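Residues per chain are reported as follows:
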Amino acid sequence: MKKLIPLFALLILFSCKKDITKISPPPRPETPISSRTDEQKLRDSVYYYYKEQSYWTESVGTYDPISSFTDKYNTPDNVLSALMQQTPFHAGYNGPIDRFSRIDDISSDGGSRAKRADLADGYGIYLTFARVNNAVYLYAYFIEGGSPAESKGMRRGDRIIEMNGNTDMSQNNISYIQKALDGPNLNLKVLRDGKEVVVPEMTYTSYDINPVTKDSVLTVGTKKYGYLALSSFEEMTDDRGNSTAMLNDLNAAFDNFQKNNVNELILDFRVNTGGYVSTAIYLANKIINSNGDGKLMFSYDVNKNLEKYKSGRNAQFDNEIFHKNNTTEIQKVVFLVTEYTASAAEIVISVLKPYMDVKLVAEKSATFGKPVGFYRQDIMDKIGLWVASFKVVNASGYTDYWDGIPADIKNVTDNVTLDFGNPNENMVAAALSYLSTGSLTTTAREARASTRFGSSSTTPLNRINKLRERDLIKN
């Protein structure tokens, strides 16, 4: 990495595709730098880089000296919150449009570990309560690839009946359940296919995420459909430049689709909260057909400070062009989405729309809505500042999906009692119904299933574990 011209003579690291340099800065502190404490410098830096990088920089006030603004607040987070409050009001949020920018604490390891977006902590188990035949039970709605839970054989649809010896898996025992999930060791007993299964003891640990949750070829009559569940967009190479498990599994899935002459896909993004731009681009190139090959995938919209880096020698935000990376000719793609589906997942949906038959099956009515992305700004090896700095625009000019990309088939309950890729699961069944019949209405069988199986949105208690938010990372 190159050194930038930094505030307070700090080395600033970017996680974007290339180094960004020579950006016109906002005012610097009038007070001599040497007299500012480290805490004051952190607050000043948050303002400096937010004003420099924010997509809504023109809405942010100019303060000279910076300290006249930052000294009103006692933490960097409070400074950031005040800056975000200055961005335009959005009715859908009933508040400022920037609900995305955030700060990470990187002080414990100088930021080195925090740069690993594909590294997670815990067991990789995400639980929810679901109503089945008028009774509420605890289910695993997602088991993350690469996690201790996956290595011990757990899968989506497992009903949790015992946790560390405790058999009370009711909503009244939520505190115990959450505490157990945060503990150093976890012993579970689950009900799977009507049989009790003891899960080997798991240890709370760090693990590399493999987001290729499941891939298969589904057959309806004589027609074959490709199915791929992807939980996030992680890095395609490791620190040594070797292909990650995600990249290998992704390539293997499309090789299998090609072998089976698949030309219609179901992409399951219902738990996909985003990740790396480069990985989203790679997947889009795997899917695109000859109609879009060589054409505009998307362009970046940036503020006036970053505009000069859209083209030329130091281009950071130049247009992305489709480069087809598959011999299959995919004609139709159905995405399975929820309110969690965001960021890089929405890029893939958006960029394919101008060139292909793209449909969305949603648990409610739309995706999350996050057309902006980030690169991380490290400050004094103490905080990592993520400023929403660029917006993605597809080939048709579609961009402002702040309230989510709307679905074509809505209110299809995510049936957490069945595993990903099960053709009888509500959302998969709705996708297969469209692909096989061309109809955008669910069948009576699916409607009954949606009534019988409640999801987190229809039970008294929401999901116990929230999926990790992943920023749209420019790399």
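Before reading on, note that the structure itself is shown above.
Notes on the structure follow. The shown structure was predicted, so the numbers you read here are calculated from the model rather than taken from an experiment. (Residues numbered from 1 in each chain as written. Predicted model: local features only at pLDDT ≥ 70, side-chain atom pairs only at ≥ 80, totals over all residues. Heavy atoms only, no water.)

## Concerning the sheet that holds strand E20 (residues 383-386)
Link 1 in the chain: One open sheet accounts for three strands, arranged E3-E20-E19; its pairing is antiparallel. Looking along the sheet, the strands with just one partner apiece sit at the ends: strand E3 (102-105) and strand E19 (376-379). The mean angle between the axes of side-by-side strands here comes to 25°, regardless of whether they run parallel or antiparallel.
Link 2 in the chain: Both E3 and E20 contribute to a ladder of four bridges, which runs antiparallel. Across the sheet, the residue bridging to Asp105 is Ile383, located in E20.
Link 3 in the chain: Sheet strands in contact with helix H3 (residues 76-84) are E3 and E20, and its direction is about 165° off that of E3. (Pairing = 2+ DSSP bridges. Helix = DSSP H or I, 4+ residues; strand = E, 2+ residues; numbered from the N terminus. Axes fitted to C-alpha atoms, helices over the stretch in contact; angles between N-to-C directions. Contact = heavy atoms within 4.5 Å.)

## What about the packing of helix H1 (residues 38-53) against H3?
Link 1 in the chain: H3 packs onto H1 with a crossing angle of 25° between their chain directions and a minimal axis gap of 9 Å. It follows that H1 is roughly parallel to H3 by the angle criterion. Considering how the two elements wind past one another, H1 and H3 form a crossing that is right-handed. Mapping the contact onto sequence places Glu39, Leu42, Arg43, Val46, Tyr47 and Tyr50 in H1 and Pro76, Val79, Leu80, Leu83 and Met84 in H3.
Link 2 in the chain: Of the residues in the contact of H1 with H3, the class split is nine nonpolar, no polar and two charged. (Parallel < 35°, antiparallel > 145°, perpendicular 65-115°, else oblique. Left-handed = near helix turned anticlockwise from the far one by under 90°. Nonpolar A, V, L, I, M, F, W, Y, C, P; charged D, E, K, R; others polar.)

## Observations concerning the pattern of salt bridges
Link 1 in the chain: Taken as a whole and assessed by the stated rule, the structure comprises 21 salt bridges.
Link 2 in the chain: The salt bridge involving Arg270 is made with Asp268; its shortest N-O contact spans 2.8 Å. Asp268 shares its class with Arg270; the two are buried.
Link 3 in the chain: Among the charged side chains, a salt-bridge network with shared partners connects Arg156, Asp268, Arg270, Asp414 and Glu425. (Salt bridge = Lys/Arg side-chain N within 4 Å of Asp/Glu carboxyl O. Buried < 20%, exposed > 50% of the residue type's maximum accessible area, 1.4 Å probe, protein only.)

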